[in-house]
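Chain residues, written in single-letter form:
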Amino acid sequence: MSVSAKSLLSTLSVRGPHRVLRGNLGIAGQPGVVYTPESGLNLPAVAFAHGWLTSAENYKSLLEHIASWGFVVAAPDTERGPIPSHLDLGGDLLTTLDIVSKVRLGDGTISVHPERLALAGHGMGAGAAVIAAAQRRVATVVALFPAPTSPAAENIAPDIDTPGLILTGDDLDSVSSNARALAAAWSGPSILRTIGGASHNGIIEGRRLFAALGAGRYEHKTDKTTRALVTGYLLATLLADKKYAAFADPEAEIPHTKVVDPHAEVEVEAPKLSIGTVAKLIRG
């Protein structure tokens, strides 16, 4: 009997069975961090890029969570300033993949399978992952709440036939999101899935700029759902685990989420008028 997507979502929202180790990519010349299971050969690996004005440390729990399910997860810690280079961040992602896929990790008991590689990122980091995917073939790409980049990721997406997962929130069509355009331009099989009640900065952990003003606060529910969706998708794509096939299926119904057709016409909500405004219009 198959397990329901709701049950799997709940299971994947908590840490997996593996004890997680943390390492320093700087030893290999690339500033950043790497999280791995305690041991394992030919493991799948994910290179993850942070968002604007954040660092790899702001995604510590997310990266550890994915690693606890059997993945090597590495994140470059560069381009953290107010005027970052998205191209350079994409290049650092590729360097990160080279390091984890060609060097034995831990005490030599951890290795990565060269064909089980994924690129991922949040915000501008999602765009950097797309930029990197155009330069190196990987098994899949995960774009979390993607934001506009230079060059524009949606202009690069037509050249990428790799499967992709694009997660976003209720602010799908805001100026800070290019999720719809990215999904519409994607050449390969892709899924654009929204998370109910989520905002684009909800997965960022810790204190950061503008948080004191009430903008961009951490959202536990958003982070919890995102962790489960990403982990399930990676298990389905990088490991071909049929148990989690629903997470890579655009037809699957997953609680708290909705699949969006990026080519569908966007409905523009009519502005709401107050009673006073209506009265003024009637009087002319």
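The structure under discussion appears in the preceding block.
These notes cover the structure that comes with them. This structure is a prediction, so every number in the text was calculated from the model and none was measured. (Residues numbered from 1 in each chain as written. Predicted model: local features only at pLDDT ≥ 70, side-chain atom pairs only at ≥ 80, totals over all residues. Heavy atoms only, no water.)

### Brief notes about the sheet that holds strand S4 (residues 72-76)
For clarity, the threshold we go by: The pairing criterion for strands is at least two bridges between them, as found by DSSP. Numbering of helices and strands runs from the N terminus; a helix is a DSSP stretch of H or I covering at least four residues, while a strand is a stretch of E covering at least two. In this analysis an axis means a line fitted to C-alpha atoms, helices contributing only their contacting stretch, and an angle means the value between N-to-C directions, from 0 to 180 degrees.
An order of S1-S2-S4-S3-S5-S6-S7-S8-S9 is seen for the 9 strands of this open sheet, with the pairing classed as mixed. A strand with exactly one partner marks an edge of an open sheet, and here the two such strands are strand S1 (20-24) and strand S9 (257-259). Shown here is a sheet whose adjacent strand axes are inclined to one another by a mean of 20°, direction ignored. Judged from the 5 bridges that link them, strand S7 (residues 164-168) and strand S8 (residues 190-195) form a sheet pairing that is parallel. Residue leucine 165 lies in a different strand from S8, and its bridge partner there is isoleucine 191.

### Topic: the nonpolar core
Condition: The term nonpolar core refers to a set of buried residues drawn from Ala, Val, Leu, Ile, Met, Phe, Trp, Tyr and Cys, joined through side-chain atoms within 4.5 Å. Exposure is judged per residue with a 1.4 Å probe applied to protein chains only, and the accessible area is read against the type maximum: over 50% gives exposed, under 20% gives buried, and values in between give partly exposed. Residues are treated as being in contact if the distance between any of their heavy atoms lies within 4.5 Å.
The biggest cluster of nonpolar side chains holds 43 residues, and the ones touching the most others in it are Val72, Leu93, Val100, Leu119, Ile166, Leu182 and Trp186. Listed by contribution, the elements that provide at least two residues to this core are strand S3 (40-49), S4, helix H3 (86-102), strand S5 (110-122), helix H4 (124-133), strand S6 (140-144), helix H5 (153-156) and helix H6 (179-185). At 8 residues, H4 tops the list of elements feeding residues into this core. Apart from residues no more than four positions distant in its own chain, valine 100 is found in contact with Leu25, Val34, Ala45, Val72, Ala74, Leu105 and Val112. Within the second largest apolar cluster, 42 residues are counted, among which are Leu9, Val46, Phe48 and Ala236.

### Regarding the pairing of S7
Put simply, the test is: The handedness of a crossover follows from its direction of travel: if, with the strands pointing away from the viewer, the path from the first strand over the helix to the second runs clockwise, the crossover is right-handed.
The element S7 is extensively covered by neighbouring structure, given that 5 of its 5 residues are classed as buried. Alternating residues of S7 divide into Gly164, Ile166 and Thr168 and Leu165 and Leu167, and every residue in both groups is buried. Both S6 and S7 contribute to a ladder of 4 bridges, which runs parallel. Among the inter-strand pairings, valine 142 is bridged to a residue of S7, identified as leucine 165. With respect to chirality, the unit in which S7 leads through H6 into the neighbouring parallel S8 is right-handed.

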